[in-house]
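# Geometric and topological summary
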Amino acid sequence: MKRILFSLCLLALIFSGCSKSTNAPSTEPVDDDLAGPISRPSSGYGADGTYAVSEIDFPNTEYPGTNVTIFYPSGISSPRPTIFYSHPYGGESKEYNRGLFEFIAKKGYVVVFVPYATNDTSIDHRYTTLWTGFTKAAADYPRIIDTRKVGFMGHSFGGGASIGLSYKAFTEKEWGRDGRFLFTMAPWYSYQITPAQLSGFPANTKMITQVYDEDVYNDHRMAIDIFKNINISNTEKDYYYLKSSTVAGYKYVTNHTLPSSRTAYDAYDYYGVYRLLDALIDYSFNNSETGKNVALGNGSVQQVTMPGYKGEYMAPLEVTDAPVPRYSQDKYKFKCSSVLYNPRIAHCE
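Residues numbered from 1 in each chain as written. Predicted model: local features only at pLDDT ≥ 70, side-chain atom pairs only at ≥ 80, totals over all residues. Heavy atoms only, no water.

### As for the layout of surface pockets
Its volume calculated, the largest pocket comes out at about 180 Å³. Taken together, Pro 88, Tyr 89, Gly 90, Tyr 96, Ser 156, Trp 188, Tyr 217, Asn 218, His 256, Thr 257, Arg 262 and Phe 334 make up the full set of residues lining the largest pocket. Residues belonging to the lining of the largest pocket are distributed by class as follows: six nonpolar, five polar and one charged. (1 Å grid on protein atoms, 1.4 Å probe; cavity = no way out; pocket = protein on both sides within 12 Å on 5 of 7 lines; lining within 4 Å. Points joined across faces, edges and corners; volume = space filled by probe spheres on them. Nonpolar A, V, L, I, M, F, W, Y, C, P; charged D, E, K, R; others polar.)

See the structure below:
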């Protein structure tokens, strides 16, 4: 636990990150429990919200013995915009990414978490498990979940799955008619999505795709394929490349598990993921130009600047609309050219 206390007023004078108008990161710590020297943002996008968090669990019919969980802001009296989250292999427990789920609920939004069986022999059944949990949550809890404004977010297997699942929700259920987005992290292969469907996403869809430099599992070519072939305009999507940094002797890693409160829970979670998600939500659901400049700023200073500590700074985020792979496929366990796994193998670069 860091014990260095700074006046928020002093921070506001010294660092523009305390200004909501700029949303640039703070560069000195406040007292919190994040690993490493850099703390949570004290204001602006990425700062924790003010709501307490409540949870609802109900039986997961497609994966007996587990529950679907809805995280939501305590005390709300009307349905709120909702993020449907698809977890990675091995991330069946909601504790795997509790930090992210609670961040979303503290900001006044809802998130639905559905565990699927990692050892399920059928990829289609994993998708069915996610879809069944998402749609049951929306049907059974309309006083909490507002399907007019939705986001689909996923990591690894869940990142790949979010493409087909979101298309189905957007077109068959008409979810997101007043605002919709995709946020994929280190995505695995994408199933249940045809080229025609990929080119037919609704016009109001926004998108962030992230890959991590130290990832040795998922070939970045899968993310690049979807990013380039989905029919979201370049003004409404950005591809992020995150690299590791060492600040005050602490390494902020960018391996496959980012973000995850089960491993290192540090400033990369807040500044590299939560801050951008917060801004994307504001732009997608509230049409905020400030939010767009941070989430989809095409390399704006507000978008790429990362925080520091005593003159040492994290590497800026790299953002592009024309991504290219940086490593050979031999680096990765799951290669884009896998005949066994990749239904979109023809689109590998």
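### Concerning the pattern of salt bridges
Inspection of the entire model under this criterion finds 18 salt bridges. Its salt-bridge partner being Asp 48, residue Arg 40 comes within 3.3 Å of it at the nearest N-O pair. Accessibility expressed as a relative area gives 17% for Arg 40, which makes it buried. By relative accessible area, Asp 48 is classed as partly exposed at 29%. (Salt bridge = Lys/Arg side-chain N within 4 Å of Asp/Glu carboxyl O. Buried < 20%, exposed > 50% of the residue type's maximum accessible area, 1.4 Å probe, protein only.)

### Here we look at the sheet that holds strand β13 (residues 318-320)
Spatial ordering of the open sheet is given by β1-β2-β4-β3-β5-β6-β7-β8-β13, a layout of nine strands whose pairing is mixed. In this open sheet, the two strands that pair with only one neighbour each are β1 (53-59) and β13. In this sheet, adjacent strand axes meet at a mean angle of 20° when their direction is disregarded. Where β1 lies against strand β2 (residues 67-73), seven bridges are found, and the strand directions are antiparallel. When the bridges of β2 are listed, Glu 55 appears paired with Phe 71. Relative to strand β5 (residues 145-155), helix α4 (residues 157-172) is tilted by about 155°, and along the sheet it contacts β3 (80-86), β5, β6 (180-185) and β7 (205-212). (Pairing = 2+ DSSP bridges. Helix = DSSP H or I, 4+ residues; strand = E, 2+ residues; numbered from the N terminus. Axes fitted to C-alpha atoms, helices over the stretch in contact; angles between N-to-C directions. Contact = heavy atoms within 4.5 Å.)

### Remarks on the pairing of strand β4 (residues 110-113)
With burial as the criterion, each face of β4 is covered, one bearing Val 110 and Val 112 and the other bearing Val 111 and Phe 113. As defined by bridge partners, β2 adjoins β4 across three bridges and the pair is classed as antiparallel. In the sheet register, Phe 71 faces β4, and the bridge partner there is Val 111. Where β3 meets β4, four bridges bridge the pair, whose relative direction is parallel. Considered in β4, the bridge of Thr 82 is made with Val 110. Running through helix α2 (residues 98-106), the crossover from β3 to the neighbouring parallel element β4 is right-handed. (Right-handed = clockwise from strand over helix to strand, strands pointing away.)

### Things to note about the environment of Glu 289
Inspection of the secondary structure puts Glu 289 in helix α8 (residues 289-295). Between the C-alpha atom of Glu 289 and that of Ala 279, which follows or precedes it by 10 residues, the distance is 9.5 Å.

### Describing the pairing of β5
Extensive coverage of β5 is indicated by the burial of nine of its 11 residues. Between β5 and its parallel partner β6, the chain crosses via α4, and the hand of that crossover is right-handed.

### Remarks on the environment of Ser 245
You can see Ser 245 is positioned in strand β9 (residues 245-247). Measuring from C-alpha to C-alpha, the distance between Ser 245 and Pro 316 comes to 9.4 Å, with 71 residues separating the pair along the chain. If we skip the residues at most four places from it in the chain, Ser 245 touches Tyr 250, Lys 251, Tyr 252, Met 314 and Ala 315. A polar atom in the side chain of Ser 245 sits 2.6 Å from the backbone nitrogen of Ala 315. (Polar contact = N/O pair within 3.5 Å; in protein donor to acceptor, adjacent residues only side chain to side chain.)

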